[in-house]
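Structural overview
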Amino acid sequence: MSSADIHARPPNATLSPYAAPAKSVHVEDTPKRPAESTDLQYWRYDVKRQRQGQTDGSLLCFKYTSSGSCPRGSKCNFRHDEEAREHCQRNVCFDFLNKGKCERGPECRFAHSLTEEAAARDAKPRSERRRVESSCWFCLSSPDVESHLVISIGDGYYCALAKGPLVPDHVLVIPVEHFPTTIAMPVEPEAELRRYKDSLGKYFEKRGKAAVYFEWVSQQSRHANLQAVPVPLSKATNVKKIFHLAAQRLGFEFSVVNPDGDANQGRELLRSQYDGKSGLFYVELPDGTLLLHIIDSGEKFPAQFGREVLAGLLSMADRADWRNCKLSKEEEVKMVDDFKQGFREFDPAE
């Protein structure tokens with residue numbers, strides 16, 4: 001494509017989810033919620049379809065179909081269909097309603113039929129799921145999500161800066177779907193996760209740092225978040241040693257998942273071995289090695305273990321608890337803007 005074609009604005013283009021949100025939105029009959037979270041809730045279906053040039057009004061509006069209202073009103077580029085809304089309330093899959101098929105197939109938790117009997121099959125699980133997601137800090141459709149911390153949005157994952165960061169550029173890589181761990185996610189988003197990790201690695205390397213990734217999974221885990229903490233290159237070789245020392249003090253030993261240091265292969269092994277029932281903690285070192293600890297049912301494992309270990313490595317013991325590192329919203333917004341400016345050249349979602 002020519003440069004002119006690439007930069008041409010499509011007809012009926014909607015607002016970019018990366019643009020600074022408006023300070024106020026005046027739309028009649030719109031539920032009150034933070035303005036900065038409004039546009040982000042359209043990325044999953046509406047913005048993705050806009051990129052594909054499918055904004056001719058023939059496709060359903062996800063917001064209206066799922067909730068019964070749309071802040072864009074008559075200006076929305078997608079169809080507000082009451083019948084589709086009723087099917088959605090009966091647990092019918094949105095993709096099935098919109099496209100006549102669902103890419104998730106049998107793994108989808110919603111009905112792929114317009115008959116009431118089939119649609120009611122999983123009604124209770126869905127109602128429970130909605131209650132959970134509506135109060136989740138990490139679900140983009142939740143009114144509780146702090147969307148001003150979001151720095152990049154992909155198809156299966158999005159990135160946000162951490163609340164109460166251990167260090168500047170402390171990033172959370174978060175599944176869009178409501179999953180308790182990244183290693184229980186479907187196979188398809190895994191490639192996007194690798195792209196985000198590669199991009200973050202390049203971003204940190206340019207600043208003389210290396211990324212340490214860790215994730216804690218427990219029976220109480222709600223929405224997964226893979227934490228990425230940059231450490232100076234001068235300290236990167238000490239990360240393995242300090243995690244082993246911390247494990248010894250708690251009375252356990254890490255097992256090495258991938259002795260060859262192939263991080264992608266290590267995650268595949270984790271995914272194949274995870275039974276979905278056990279708690280676990282794993283850390284990916286700067287050299288790609290994965291250290292794993294399976295948490296016994298009666299074991300009291302520190303929820304902030306990964307952060308506490310890295311706080312010790314960086315001589316920041318006072319920042320081990322995120323609640324001691326809270327920033328004002330103005331400071332968080334500036335932190336996000338600064339990160340976006342530097343990350344833009346690496347962002348795989350751009």
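Labelled according to an unreviewed UniProt entry, the protein appears under the name C3H1-type domain-containing protein, originating from Aegilops tauschii subsp. strangulata.

1. So, the overall build of the protein
For the protein, the count of helices and strands is twelve helices and eight strands. Burial status across the protein gives 47% buried among its 350 residues. Intrachain contacts of the protein at a sequence separation of at least 6 include 60% that bridge at least 24 residues. With the model as given, the accessible surface of the protein reaches about 18500 Å², and the carbon-plus-sulfur share is 50%.

2. Notes on the nonpolar core
In this structure, Tyr-158, Val-171, Val-173, Leu-200, Tyr-282 and Phe-339 are the most contacted members of the largest nonpolar core, which totals 44 residues. Among all residues touching Val-171, those that are not within four sequence positions of it are Ile-151, Cys-159, Ala-160, Leu-161, Leu-200, Phe-204, Leu-226, Gln-227, Ala-228 and Phe-339. Membership of the second largest hydrophobic core comes to 25 residues, among which are Leu-285, Leu-291, Phe-301 and Leu-310.

3. Some thoughts on the packing of helix 8 (residues 188–206) against helix 10 (residues 263–273)
Between helix 8 and helix 10, the shortest axis-to-axis distance is 12 Å and the interhelical angle comes to 140°. Between helix 8 and helix 10 lies a crossing whose hand is right-handed. The segment helix 8 lies against helix 10, with Glu-190, Leu-193, Arg-194 and Lys-197 engaging Asn-264, Arg-267 and Arg-271. Partitioned by chemical class, the residues of the contact of helix 8 with helix 10 number one nonpolar, one polar and five charged.

4. Brief notes about the side chain of Gln-227
Relative to the assigned elements, Gln-227 resides in strand 5 (residues 226–232). With residues up to four places along the chain from it excluded, the contact list for Gln-227 reads His-170, Val-171, Leu-172, Val-212, Tyr-213 and Phe-214.

5. Overview of the sheet that holds strand 4 (residues 209–217)
Reading across the sheet, the eight strands line up as 1-2-3-5-4-7-8-6 and stay open at both edges, with antiparallel pairing between neighbours. A single partner strand is all that each edge strand has here, and the edge strands are strand 1 (150–153) and strand 6 (255–256). Of the pairings in the sheet, the one linking strand 6 to strand 8 (residues 290–295) comprises two bridges and is antiparallel in character. Bridge pairing in strand 8 links Ser-255 to Leu-292.

6. Remarks on the side chain of Ser-152
With respect to the helices and strands, Ser-152 occurs in strand 1. A relative accessible area of 0% places Ser-152 in the buried class. In terms of polar contacts, Ser-152 uses its side chain to reach the side chain of Asp-347, at 2.7 Å. When near neighbours in sequence (up to four residues on either side) are disregarded, Ser-152 contacts Tyr-18, Tyr-158, Cys-159, Tyr-196, Phe-343, Asp-347 and Ala-349.

7. Remarks on helix 10
Within helix 10 the residues assigned to the buried category are Ala-263, Gly-266, Arg-267, Leu-270 and Arg-271. Summarising the axial view, the buried residues of helix 10 lie within an arc of 135°, below the 170-degree limit, and thus occupy one face. Pointing more than 90 degrees away from the buried face of helix 10 are the exposed residues Ser-272 and Gln-273. The inward-facing, buried residues of helix 10 contact helix 8, strand 5, strand 7 (279–284) and strand 8.

8. Concerning the packing of helix 9 (residues 239–250) against helix 11 (residues 305–313)
For the pair helix 9 and helix 11, interaxial distance at closest approach is 10 Å and the crossing angle is 125°. One element, helix 9, and the other, helix 11, form an angle in the oblique class. In this structure, helix 9 meets helix 11 at a crossing whose hand is right-handed. Touching Val-239, Ile-242, Phe-243, Ala-246, Ala-247 and Leu-250 of helix 9 are Phe-305, Gly-306, Val-309, Leu-310, Gly-312 and Leu-313, all from helix 11.

9. Details of the pattern of salt bridges
Tallying each qualifying case throughout the model produces nine salt bridges. Among the salt bridges present, the one from Arg-271 reaches Glu-190, with a minimum N-O distance of 3.4 Å. Within this pair, whereas Arg-271 is found in helix 10, its partner Glu-190 is found in helix 8, the two being separated by 81 residues in sequence. Side by side, Arg-271 and Glu-190 carry an identical accessibility label, which is buried. For the salt bridge of Glu-345 with Lys-206, the shortest nitrogen-to-oxygen distance reads 2.7 Å. Of the two residues, Glu-345 is situated in the segment after helix 12 (329–343) and Lys-206 in helix 8; the sequence distance between them amounts to 139 residues. Each member of the pair, Glu-345 together with Lys-206, is exposed. When salt bridges with common partners are traced through the structure, they connect Glu-146, Lys-163 and Glu-332 into a single cluster.

Cut-offs and rules
Residues numbered from 1 in each chain as written. Predicted model: local features only at pLDDT ≥ 70, side-chain atom pairs only at ≥ 80, totals over all residues. Heavy atoms only, no water. Helix = DSSP H or I, 4+ residues; strand = E, 2+ residues; numbered from the N terminus. Buried < 20%, exposed > 50% of the residue type's maximum accessible area, 1.4 Å probe, protein only. Contact = heavy atoms within 4.5 Å. Areas by Shrake-Rupley, 256 points an atom, 1.4 Å probe, with all protein chains shown as cover. Core = buried A, V, L, I, M, F, W, Y, C linked by side-chain atoms within 4.5 Å. Axes fitted to C-alpha atoms, helices over the stretch in contact; angles between N-to-C directions. Left-handed = near helix turned anticlockwise from the far one by under 90°. Nonpolar A, V, L, I, M, F, W, Y, C, P; charged D, E, K, R; others polar. Pairing = 2+ DSSP bridges. Polar contact = N/O pair within 3.5 Å; in protein donor to acceptor, adjacent residues only side chain to side chain. Arc of directions from axis to C-beta. Parallel < 35°, antiparallel > 145°, perpendicular 65-115°, else oblique. Salt bridge = Lys/Arg side-chain N within 4 Å of Asp/Glu carboxyl O.

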